[in-house]
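# Observations on the three-dimensional arrangement
One-letter residues, chain by chain:
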Amino acid sequence: MNNKLDRKKTFNNDIIILNGLWGSGKSLLSPILSSIKGVEKTKIEHNYEDLCTLRYLNKIEDDACITLLKIYADISQYNNLIGREVNLRWNDDTGLKNSPNSFKYIMRMFRKDEDSVINEINENNYALCIMTHMITLAPDPIVDAFGDRLKIIEVVRHPLYLVRHIYSYLERFESEKIFTIAFDYKKNEVPWFASTWKDKFVKMTLMDRVLYSIIFCYEELFKSLDALEEKNVNLLVVPFESATLDTKNFLKSLEIFTGRGFSKSIKRTLKRQKIPRKNINQGLGYVKYGNVFNRNMTEKEDYKERWNSALEGGSKSNIEEFNKLIDRYNKKWPSQLNRYR
């Protein structure tokens, strides 16, 4: 008896995955994507990345993982159209304040739950937009589940500008508010991506964990992006520096990639996100993640301060490898930050 799980009949709308490492700048892109015609407001739903992580760790079978991904995507988009999950939290990245055309989503809460909603989704190709963390380190399930419907936008950022955010993340890793899948190893919680180097993880200082995590994740990301390109997966890599400093070309690349134009709300969205900028350190920043910018600093001074902070707690070997990663990043995605190297 064949007990293989499947969901053969699914919606046919586009599925946009906005992905990146922690602190890479996904929150900046989220409302911009939602300003594209026919793209739903961005949602943060951890089940997609959790399922891919479980498959990566061989904790779930392929058919179960892929079937659940298909079901979750269809449910999520259906709920979008009937206003079932409108995020009323004002300051959330995906809340109404940061969602273009917010009135439209409020009005949906009053519409009927009808089968015609499915036809509306398919005929208009309303794109589901999901923000995820590190899903491209284990992307096979979403590629298999969504096929040509899938469009991955990978946000990358200069490694030095990830340090504070990931330091804050790992510093709080064993708190109740962190929902990342982890192992219990030698009385330590070890994040899933460190499963192959958990012995190193538990022995490292906090800053070394941060540096090594960034090094490891970028190495895995480089390999994964190459593999996705070889498979002809719809993929757009967006360097944070290009999005903020060369915004015109960035917006054009989004239009070409999605095959859609921007709505009138884009001007207001760009103003709110403070782009384009002359310097990287003119952004909004996230105080809760340690991203506090001294507005009196030049970009060069800000860069130097970040580098000195990383040097304080990192071991010589990790700093050397981190240096190599910066060189590789600068060569692959050059920006005006290269001049401070």
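First, a word on scope: everything that follows refers to the structure included in this document. (Residues numbered from 1 in each chain as written. Predicted model: local features only at pLDDT ≥ 70, side-chain atom pairs only at ≥ 80, totals over all residues. Heavy atoms only, no water.)

Comment: phi is negative for the bulk of residues other than glycine, and the bulk of peptide bonds are trans. A cis amide bond links Ile-275 to the next residue, Pro-276, at an omega of 5 degrees. By the element assignment, Pro-276 lies in the loop between α12 (266-272) and α13 (299-313). For Asn-125, which is not glycine, the phi dihedral falls at a positive 50 degrees. Position of Asn-125 relative to the elements: it lies in the loop between α5 (116-124) and β3 (128-133). Taking relative accessible area as the criterion, Asn-125 reaches 25% and is therefore assigned partly exposed. Its identity as a non-glycine residue notwithstanding, Lys-186 has a phi of 50 degrees, on the positive side. You can see Lys-186 is positioned in the loop between β5 (182-185) and β6 (188-191). (Helix = DSSP H or I, 4+ residues; strand = E, 2+ residues; numbered from the N terminus. Buried < 20%, exposed > 50% of the residue type's maximum accessible area, 1.4 Å probe, protein only.)

Another point: the pairing of β6. Bridge count for β5 against β6 is four bridges, and the pairing is antiparallel. Counterpart to Phe-183 in the pairing with β6 is Val-190. Turn length for the β5-β6 hairpin, with the two strands adjacent in sequence and antiparallel, is two residues, and the turn residue Lys-186 shows positive phi of about 50 degrees. (Pairing = 2+ DSSP bridges.)

What links the strands of a sheet is backbone hydrogen bonding, and the strands pair in either a parallel or an antiparallel sense. Pairing is parallel in the open sheet, where five strands are placed in the order β2-β3-β1-β4-β7. The open sheet has two edge strands, β2 (43-44) and β7 (235-239), and neither has a second partner. Sheet strands in contact with helix α2 (residues 46-56) are β2 and β3, and its direction is about 55 degrees off that of β3. (Contact = heavy atoms within 4.5 Å. Axes fitted to C-alpha atoms, helices over the stretch in contact; angles between N-to-C directions.)

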